[in-house]
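Residues per chain, in single letters:
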Amino acid sequence: MSLSDDLAAATRCLDDLTRAVGRLEPQLGTGPDIRRVRADADHLRESLALLREAATARYENPRRPDLVPIPDTPYDSTLWTDSDDEGLGARDRHAP
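Please read these numbers as outputs of a predicted model, since none were measured by experiment. (Residues numbered from 1 in each chain as written. Predicted model: local features only at pLDDT ≥ 70, side-chain atom pairs only at ≥ 80, totals over all residues. Heavy atoms only, no water.)

Peer 1: Tell me about a nonpolar patch on the surface, and name the residues and values.
Peer 2: Taken together, I70, Y75, L79 and W80 make up a surface patch of nonpolar side chains, about 510 Å² in accessible area. Its location among the elements puts I70 in the segment after α2 (32-60). A relative accessible area of 66% means that I70 is categorised as exposed. (Patch = residues over 30% accessible without salt bridge, like charges linked within 9 Å, V, L, I, M, F, W, Y side chains within 5 Å. Areas by Shrake-Rupley, 256 points an atom, 1.4 Å probe, with all protein chains shown as cover. Salt bridge = Lys/Arg side-chain N within 4 Å of Asp/Glu carboxyl O. Helix = DSSP H or I, 4+ residues; strand = E, 2+ residues; numbered from the N terminus. Buried < 20%, exposed > 50% of the residue type's maximum accessible area, 1.4 Å probe, protein only.)

Given below as structure tokens:
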């Protein structure tokens, strides 16, 4: 399934949950438990909307990394006159 299909399926499931909670409410009353379940379903709907926005921005407009051009010309060897060779020490010394 594609991302949009998965988001649509989650939305349908959330719609089913909301309808089921609506059918339970007349049977159970409007006590704190049913209000909590309704609030949780509303929070899930908000979270799903935020997820859809983030996914749309991420997958429809992917940010490409900035390309850094690397020249084909050789580097200036004077850049490394005072550098160490990968932990081997100074140029006049050698690894054991």
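Right, picking up where we left off after that structure.
Peer 1: So what's going on with the environment of R35? Which residues, and what values?
Peer 2: Structurally, R35 is set in helix α2. Counting along the chain gives 14 residues from R35 to V21, while the straight-line C-alpha distance between them is 9.5 Å. Side-chain polar atoms of R35 contact the backbone oxygen of T30, separated by 2.7 Å. (Polar contact = N/O pair within 3.5 Å; in protein donor to acceptor, adjacent residues only side chain to side chain.)

Peer 1: Can you lay out the side chain of T11 for me, pointing to particular residues and giving the numbers?
Peer 2: With respect to the secondary-structure elements, T11 resides in helix α1 (residues 3-28). A polar contact of 2.6 Å, which involves the side chain of T11, links it to the side chain of R52. Residues within four places of T11 in sequence aside, it is in contact with L48 and R52. (Contact = heavy atoms within 4.5 Å.)

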